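A look at the structure
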Amino acid sequence: METVWDRSEQQEPRCGFGEMGICCRMCHMGPCRIDPFGQGAKLGVCGANAELIVARNFCRMVAGGAAAHSDHGRSVARTLLLAAKNPESGYAVKDGNKLAKVAGILGIDPGNKTKEEIAAAVAEKALSEFGRQEGELSFIKQAPEARQALWRGLNIVPRGIDREIVEMMHRTTMGVDQEHKNLMLHASRTALADGWGGSMIATELQDVLFGTPSPVRGQVNLGVLSETDVNVVVHGHEPVLSEMLVLAARDPDMLKLAESQGASGINLAGICCTANEVLLRHGLPIAGNILQQELAVATGAVDAMVVDVQCIMPSLPSASKCFHTHLITTSPKGKIEGARHYDIEAENALHSAREIVREAILNFPNRGNTEIPQEKMDLVAGFSHEAIHYMLGGRFRGSYAPLNDNIINGRIKGVAGVVGCCNPKVPYDREHVDLVGELIANDILVVQTGCSAISCAKAGFLVPDTAHKVAGKGLTEVCEAVGMPPVLHSGSCVDNSRILVALSEMVKAGGLGSDISDLPVAGAAPEWMSEKAISIGHYFVSSGVFTVFGVGLPVSGSETFARHIFEEFEAILGGKWAVEPDAGKMAGLIIDHINGKREKLGIGKARERVLFDMEMRRNLAV
Amino acid sequence: MTFMKIVIIGNSAASTAAIETIRAEDKDSSIVQISEERHPLYSRCLLSYYLADKIDKNGLAYRSADFHKKMDVQLHPGRCVEEVDPAGQKVTCSDGSAHSFDRLLIATGSSAKIPDNIPETLRGVFVLRTVADAEAIKQKLSGAKKAVVLGGGLVGMRAADALCRAGLKVFVVIGSNRILSRMIDYEAARIVGTRVRDNDIEVMTGSDVSEVLHKDGNVVGVVTDNGLMLDCEILIVAKSVRANTGLIRNTDIKTRRGIETNASMQTNYENIYAAGDVAETFDITTEEYTVNALWTCAVQQGRIAGQNIARRDAAGIPAKYAGSVAMNSLNFWGIPIISFGVTVPEDESRYTILKDSRPEQNVYKKIVIADNRIKGLILVGRIANAGVLFSLVQNKMDVAPFMDQLLGDRFNFGHVVRHGGKPVLEKYYRGLST
Amino acid sequence: MKRIYCIVEKCLACRSCEIACAVAHSGVERVEDAVKIRPLPKHRIRVESIGDRNTPQGIRSIALQCRHCEDPLCAQACITGGISRDPETGAIVNNPDKCVACWSCIMVCPFGVIVRYEDCRRAVKCDHCADRDEPACVEACPTRAILYCEAEDAPIPVE
């Protein structure tokens, strides 16, 4: 069976023009590419130079990523509307507190409305954010005042989510916006429409529908697959699917059916961001992150692989064919040749979910030889910003002030969000683990989402006791005092919006400046690969966060453009991009940045940097 | 195997190429090499670079120091051949020594012509042909402030460049209406001339030195034919060269401007060969016999002579020289200049002339075509793929199919493949450059 | 003697070989670093078109590089003696210490594959990546259109 690594190998050497972002396919006068060594073409057919080509490609990645997160958000909002209007749908409002909070943000007067009426109003208001033509996105109000003012000054407050994405595509088509700096401002507007729009709607409304995560125990890695249970692996992004599968898998009739087929139970495990959603809300096991989707199938123990949207490899049908695994698609947006399709959005979602689980159970007797790796790791996850708030201060005096206090007194140096994908171009999981290890060793609290969180979970970083062996003294003290691990798993990739809210809360708690760009914080995506990562990176940068990407960015073909996002951007938006493939050096950049911010805040006391070494890696073994 | 006594007169491009080709086939025959030059084998073209301190004395070496030893050549440096006896197959040197030969190669090169009105015995009058000349000029540089170069050809302009870099104020006195007149036309010369003047070199065209002023045996200035008086401590004469044919003056070896040769590089004696600046060859672009006193021509002629000298089997097919082409490459203050063949035809009506003049970019291109064959070209500023055009000249290729692309900066070997098809591609794959 | 051959039917003109060549001669590993070096490194291989887009054969391309000719004109024209055949590998090499940037080699190379490196005042050309196992262009070619092999294994078209 061929895996992502085999195919990655076959793609070597990667085309340098693409790697550097100087290949343009916007129109068919081309394709054009710029000779980075100056011996060949310096301009595309239309006259576009390297910076324009790089900028347009970059902006389209932002648009692609923002579209993905936002369309996910739209689907959650529609589900909430369904839940409010149709009790037969299988969906219902689970978190009334969150509903009230979101209603407040969206300016909906609860009056004497029922929960369902409020939910319907929230869903409709959220949906209107997508097609809004003028004004400002509602969730922008969550950001610090200074940040909002900065955006307004630059005229980049997103108006409507769809509008900004469409405009980004328009501006980057042949012969429109030819100024890379102007393009990048709109890229900020588009990315903000993702982070403070589409992604935030997805996160907040998912919480309303399925509950706001709070700390929960779980397990991770392929070893969570069961020899004796029916294994249903759910992969993709939208909990709209996975939540229904959770219900179906717990259905006594289904359990009985499973037993009748010789199975001892039903094991629902996740891959990729869907895994994070079901872990955070139900403590369900994670089989792996994006690069393990084929490996899960290769155990021979997956009776059904159920997928929805995003990060699903087109190789899955051929992988499934090598085994008895049924590949099942569930979103009308994401069909795969060779897979069975159940439309989860049509009619009753729970009914569809039951049918899917039934198919998996009936497939159980078809299992051939299985080979399930032993590896699995315990973990604690579920650190939504509300949960962090609570842990820091307790239910009645919840506050980010204790975090700020400990940052000010230097026990914690700062906070880093380490997020993003995995990429077969770099040694698997290693960049995530090495970076996070070194950050916590240097007393930097790490917040994680997405596949990066799964990488670190597998390494044991989400087990508080284990992580404390690596974490610095100050960070350990604080974490032990409040009963929180030094590496906080906050959710899926849309849940990066939780980090935006957490950062805003930190500003509001006081003592660390008046804007996100004043905070001693940084972001990183050490193994990124998706357009979504670029959109996330750019909304963090545009929200004032220094953000480092690993692997490499497709911008090196233009020094001018690279200078713009790596240097000049800081003066415009307070945040800037950096690229550094080496995890150790990336940690260095983040530590230096955080120390620099501490210095500016007048709380800087430089300490010698601790390197994450083999000894520390060995300590991780549980 | 017949053992031969081979005698080679001269020690520069042609003779070195001949030695290498002979030894590639014949390790046994004796090679005796006699040269007036005392200095170990060096490249004459590098003298101006040495003068400008762009290279040191070691950098002049054309081959490694053990070249003659490795090639098993008995080299007699600093010895002048006085007489050649074709019938007796013997050469006699000024010191009385004599060497008999089975095959003789005359590669004595050329010397600078010094006009009669210039007293060469004056201190400060120089030519630039040998290491000794360059050393002498270098010694004179300290203390000198002004120099006059007589002649605006390749050697003259390179010398002017070198002296200018050494900090001297340089005047170049040129008989014709432009610099580098044998290489480029007036338009190209204007582009290059601007750069020359930018570097503070004064050029006086259409003039000559009529009198050299001197004091106590030292040059102190010159008077030009238009009455201008120029102070100078150094006068470099670089007007033209003359083939060194003195050693055969008493023989019946035929000479015109140089020693007459056939395509095998033989003189009218089949065992006596001539190559390099001393030889007159057929020029494929002018279709006339002439002396193309150029390094590359000398190497190629030396190789042909060497191959034929080494051939012992009289029935063997002799190596043939395709003919010479005037060809020059010059990198002048960052402006590269390449020219071949006929660059300024006398009767323009017989030629198609393609031109691309971009003086603001220091770019000038001119291609001279007759009967759809390239006869000559000038490339200033943009010289990439010059050799591709040169191969079209050499192979007399019909350029009609891509006439409109020849001048383009993107013209390259791909165009030749497009029209020449598989045979051209095969030559490329096999690395057949000729 | 081993030479680099480009199978024209397989060449897609992606110019990956050009990039790999420049990087291989830059002294650094990654293209992102190579483009930061000043003066910019030069590639010694160049992809050129050998067919017209608007003909039935359509566009075709070839990666051109030094042939290390049997009778190298560049070596004959070289005024310094710096261009010579490496007795061990048979490759034609240009000694950078000898080169005076006179461009005589460019004047005569019939394939136009010697590159003027004005910033470093020397001529550069394919050296078969002497310090690598396989030339970088060969490794870089995504369609395996570039081979490094003996003439008998090469796709030489014979008319």
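About the thresholds
- Residues numbered from 1 in each chain as written.
- Chains lettered and ligands numbered in written order.
- Predicted model: local features only at pLDDT ≥ 70, side-chain atom pairs only at ≥ 80, totals over all residues.
- Helix = DSSP H or I, 4+ residues; strand = E, 2+ residues; numbered from the N terminus.
- Rg over C-alpha atoms; globule rule 2.2 N^0.38 Å.
- Buried ≥ 20, exposed ≤ 12 C-beta atoms within 10 Å, placed from the backbone.
- Contact = placed C-beta atoms within 7 Å.
- Nonpolar A, V, L, I, M, F, W, Y, C, P; charged D, E, K, R; others polar.
- Domains from an automatic or database assignment.
- Pairing = 2+ DSSP bridges.
- pLDDT = per-residue confidence, 0-100.
- Core = buried A, V, L, I, M, F, W, Y, C linked by C-beta atoms within 7 Å.
- Axes fitted to C-alpha atoms, helices over the stretch in contact; angles between N-to-C directions.
- Parallel < 35°, antiparallel > 145°, perpendicular 65-115°, else oblique.
- Left-handed = near helix turned anticlockwise from the far one by under 90°.
- Expected span 1.5 Å × (residues − 1).

Counting secondary structure elements, chain B contains nine helices and 26 strands. For 434 residues, the compact-globule estimate of 2.2 N^0.38 gives 22 Å, and chain B sits close to it at 23 Å. In chain B, buried positions account for 47% of the 434 residues. When contacts within chain B are restricted to residue pairs at least 6 apart in sequence, those whose partners lie at least 24 apart make up 62%.

Take the overall build of chain C next. A tally of regular secondary structure across chain C gives five helices and eight strands. Taken from the N to the C terminus, the helices and strands of chain C come in the order β-α-α-β-β-α-β-β-α-β-β-α-β. Relative to the globule expectation of 15 Å for 159 residues, the C-alpha radius of gyration of chain C, 16 Å, shows essentially globular dimensions. Principal-axis analysis of the C-alpha atoms gives chain C an extent of 45 × 40 × 30 Å. Counting all 159 residues of chain C, 54% fall into the buried class. Here the analysis covers contacts within chain C between residues at least 6 apart in sequence; of these, 55% occur between residues at least 24 apart.

Moving on, we come to the interface of chain A and chain C. Facing the 13 residues of chain A at the interface are 16 residues of chain C. At four residues, helix H2 (residues 16–20) of chain A tops the list of elements feeding residues into the side of chain A that touches chain C. Grouping the constituent residues of the side of chain A that touches chain C by class yields six nonpolar, five polar and two charged.

This brings us to the domain arrangement of chain C. All names here are of chain C. Here chain C is described as being made up of domain 1 (1–65 + 127–159) and domain 2 (69–125). Taking only C-alpha atoms into account, the centre of domain 1 sits 19 Å from that of domain 2. Opposite the nine residues of domain 1 that make contact, domain 2 presents twelve residues. Classifying every residue of the side of domain 1 that touches domain 2 gives four nonpolar, two polar and three charged.

The next point concerns the pairing of strand E25 (residues 363–370) of chain B. Residues and elements named next belong to chain B. With respect to burial, E25 is a largely interior element, six of its eight residues being buried. Alignment of strand E24 (residues 352–358) against E25, held across seven bridges, turns out to be antiparallel. Across the sheet, the residue bridging to Asp 356 is Lys 365, located in E25. Connecting E24 to the next strand, E25, in antiparallel fashion are four residues, including Asn 362 with a positive phi near 60 degrees. Examined bridge by bridge, E25 and strand E26 (residues 373–380) share seven bridges and lie antiparallel to one another. By the bridge assignment, Lys 365 is partnered in E26 with Leu 379.

Further remarks concern the confidence of the model for chain C. Across chain C, the average pLDDT comes to 91, with 97% of residues at or above 70. Under the prediction, the complex receives an ipTM of 0.95, its pTM being 0.85.

Formed by 405 residues in total, the largest nonpolar core has its most connected members in A:Leu80, A:Val232, A:Leu245, C:Cys105 and C:Cys137. The element best represented in this core is helix H3 (residues 50–85) of chain A, accounting for 20 residues. Other than its neighbours up to four places away in sequence, A:Leu245 contacts A:Val232, A:Val234, A:Leu268, A:Val306, A:Ala353, A:Ile356 and A:Val357.

Looking now at the sheet that holds strand E14 (residues 218–224) of chain B. Residues and elements named next belong to chain B. Ordered by their spatial adjacency, three strands build an open sheet running E13-E14-E15, and the pairing between neighbours is antiparallel. Where the open sheet ends on each side, the last strands, each with one partner, are strand E13 (209–215) and strand E15 (229–231). On average, each strand axis in the sheet is tilted by 25 degrees relative to the strand beside it, whichever way the strands run.

Moving on: the packing of H3(A) against helix H22 (residues 531–542) of chain A. All names here are of chain A. One way to put it is that H3 packs onto H22 with a least axis distance of 7 Å and a crossing angle of 95 degrees. Taken together, the axes of H3 and H22 lie roughly perpendicular to each other. Taking contact as the criterion, the partners of Met 61, Val 62, Gly 64, Gly 65, Ala 66, Ala 68 and His 69 in H3 are, on H22, Glu 531, Lys 532, Ala 533, Ile 534, Ser 535, Ile 536 and His 538. Considered class by class, the residues forming the contact of H3 with H22 number seven nonpolar, five polar and two charged.

The domain boundaries assigned to chain B delineate domain 1 (5–111 + 243–310), domain 2 (125–239) and domain 3 (334–430). Between the C-alpha centres of domain 1 of chain B and domain 3 of chain B there is a distance of 32 Å.

Contact with chain C, which involves 41 residues of that partner, is made by 42 residues of chain B. Of all the secondary-structure elements, those providing two or more residues to the side of chain C that touches chain B are strand E1 (3–6), strand E2 (46–49), strand E3 (61–64), helix H3 (73–77) and helix H4 (104–108) of chain C. Here the element with the most residues in the side of chain C that touches chain B is H4(C); it accounts for four residues. Considering only residue class, the side of chain C that touches chain B consists of 24 nonpolar, eight polar and nine charged.

Residues and elements named next belong to chain B. Taken together, the six bridges between E13 and E14 define a ladder with antiparallel strand orientation. Across the sheet, residue Val 209 finds its bridge partner in E14, namely Thr 224. Linking E13 to E14, which pair antiparallel, is a turn of two residues; within it Asp 216 sits at a positive phi near 55 degrees.

Residues and elements named next belong to chain B. The strand order across the open sheet built from three strands is E4-E5-E6, with neighbouring strands paired in antiparallel fashion. Either end of the sheet is taken by a strand with one partner, and the two such strands are strand E4 (81–85) and strand E6 (98–100). The sheet shows a mean angle of 15 degrees between the axes of neighbouring strands, direction not considered.

Looking now at helix H15 (residues 385–393) of chain A. Here H15(A) has its buried residues at A:His385, A:Glu386, A:Ala387, A:Ile388, A:His389 and A:Leu392. Buried residues along H15(A) sit against helix H16 (401–408), helix H20 (473–482), strand E13 (487–491) and helix H21 (496–509) of chain A.

Moving on to the packing of helix H4 (residues 96–105) of chain A against helix H5 (residues 115–131) of chain A. Each packed pair of helices is defined by two parameters, the angle between the axes and the distance between the axes. Residue and element names in this part refer to chain A. Contact pair H4 / H5: the axes reach a minimum separation of 10 Å and the direction vectors enclose 45 degrees. By the angle class used here, H4 and H5 are oblique. Considering how the two elements wind past one another, H4 and H5 form a crossing that is left-handed. Where H4 approaches H5, its residues Gly 96, Leu 99, Val 102 and Ala 103 are matched on the opposing element by Lys 115, Ile 118, Ala 119 and Val 122. In the contact of H4 with H5, the residues fall into six nonpolar, one polar and one charged.

This part is about helix H14 (residues 349–363) of chain A. All names here are of chain A. Compared with the 21 Å implied by 1.5 Å per residue over 15 residues, the 21 Å span of H14 between its first and last C-alpha is a close match. Listed in full, the buried residues belonging to H14 are Ala 349, Ser 352, Ala 353, Arg 354, Ile 356, Val 357, Ala 360 and Ile 361. Contact partners of the buried residues in H14: strand E4 (230–235), helix H9 (239–249), helix H10 (252–260), strand E5 (266–271), strand E7 (304–307) and strand E8 (326–329).

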